[in-house]
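What the coordinates show
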Amino acid sequence: MSHRRSAVISRLAFASLAMGALAACSGLVAHRGTSFHDTVARRDFLTGAAGHSAVLVQTANSPFQEGDRETAAVTARLSEGKGFGINVKYTDDPTEAAQPHFRIVYVFDTTFTTTAYDVCSTDPKRVKLGSNGDKLSVQAVFCAREEPIAEARVSAPTPSGGLADPAYETIVAAAIEELFPIDQFDRDKEGVFRVN
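The notes below deal with the structure included here. These numbers come from a predicted model, not from an experiment. (Residues numbered from 1 in each chain as written. Predicted model: local features only at pLDDT ≥ 70, side-chain atom pairs only at ≥ 80, totals over all residues. Heavy atoms only, no water.)

Let's talk about the pairing of strand β5 (residues 135–144)
Counting buried residues in β5 gives nine out of ten residues, a clear majority hidden from the surface. Pairing of strand β4 (residues 102–108) with β5 involves seven bridges; the strand directions are antiparallel. Counted as the bridge partner of Val107 is Gln139 from β5. Pairing of β5 with strand β6 (residues 147–157) involves ten bridges; the strand directions are antiparallel. (Buried < 20%, exposed > 50% of the residue type's maximum accessible area, 1.4 Å probe, protein only. Helix = DSSP H or I, 4+ residues; strand = E, 2+ residues; numbered from the N terminus. Pairing = 2+ DSSP bridges.)

A few points about the packing of aromatic side chains
In total, this model carries five aromatic pairs according to the counting rule given. Each ring, one from Phe64 and one from Tyr168, has its centre 5.1 Å from the other, and the planes form 75°; the classification is edge-to-face. Separated by 104 residues along the polypeptide, Phe64 in the loop between β2 (55–60) and α3 (67–79) and Tyr168 in helix α5 (residues 166–179) bring together distant segments of the chain. By the burial criterion, Phe64 is buried, and Tyr168 matches it. Through successive ring pairs, a cluster of aromatic residues spans Phe64, Phe108 and Tyr168. (Phe/Tyr/Trp six-rings, centres within 6.5 Å; stacked < 30°, edge-to-face > 60°.)

What to know about the state of the cysteines
Evaluation of the coordinates by the stated rule reveals one disulfide. Here Cys120 engages in a disulfide with Cys143; their sulfurs sit 2.0 Å apart. Classification of the bridge connecting Cys120 and Cys143 rests on its S-S torsion, roughly -85°, and on that basis the disulfide is left-handed. Here Cys120, found in the loop between α4 (116–119) and β5, pairs with Cys143, found in strand β5; they are 23 residues apart in sequence, far enough to count as distant. Each member of the pair, Cys120 as well as Cys143, is classed as buried. (Disulfide = S-S within 2.5 Å.)

Re unusual backbone geometry
In this structure, Asn61 is a non-glycine residue whose phi angle is positive, near 60°. By secondary structure assignment, the location of Asn61 is in the loop between β2 and α3. What makes Asn61 partly exposed here is its relative accessible area of 28%. A positive phi angle is found at Arg145, which is not glycine, with a value near 55°. Relative to the helices and strands, Arg145 resides in the loop between β5 and β6.

Given below as structure tokens:
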């Protein structure tokens, strides 16, 4: 077995153990959805979308009493500083976004069959919704108009303290890290450790 292949297998085994430990401790499970671009391209799109202002955050079907508008504002604030090497501002106000057609849309309690294209549609509030009992499921998609760039899904116990609960911040952080990960494959391909 080649050194590269054994290193990949080791990383996958470690990642599986780490996710298992995280899930056992907090009940949170996060994974990348459909891959539309490699991780370097995702981060480049994000940085370009931010420009010298911010990236738009939208929410649909918020389970919190504050509603979608306040959920988007809190989610935008909590997204800042999340994701290794990401230095991007987020906003829920389209007028503050340099390019509002680039946006991250968080839809709560979607069905497993809801696609990233559904979420990026002109009205993400029309997607099929499921019921997850005491679990909160979040489908986060980074969109360019109606085209998905990246997708992540997070499932965790519903935060009992609502938007102010630190558990919600953990959910947002997991979504950002899955949308814009740093992978060894991309660092190898680039030849350098890349931080935007």
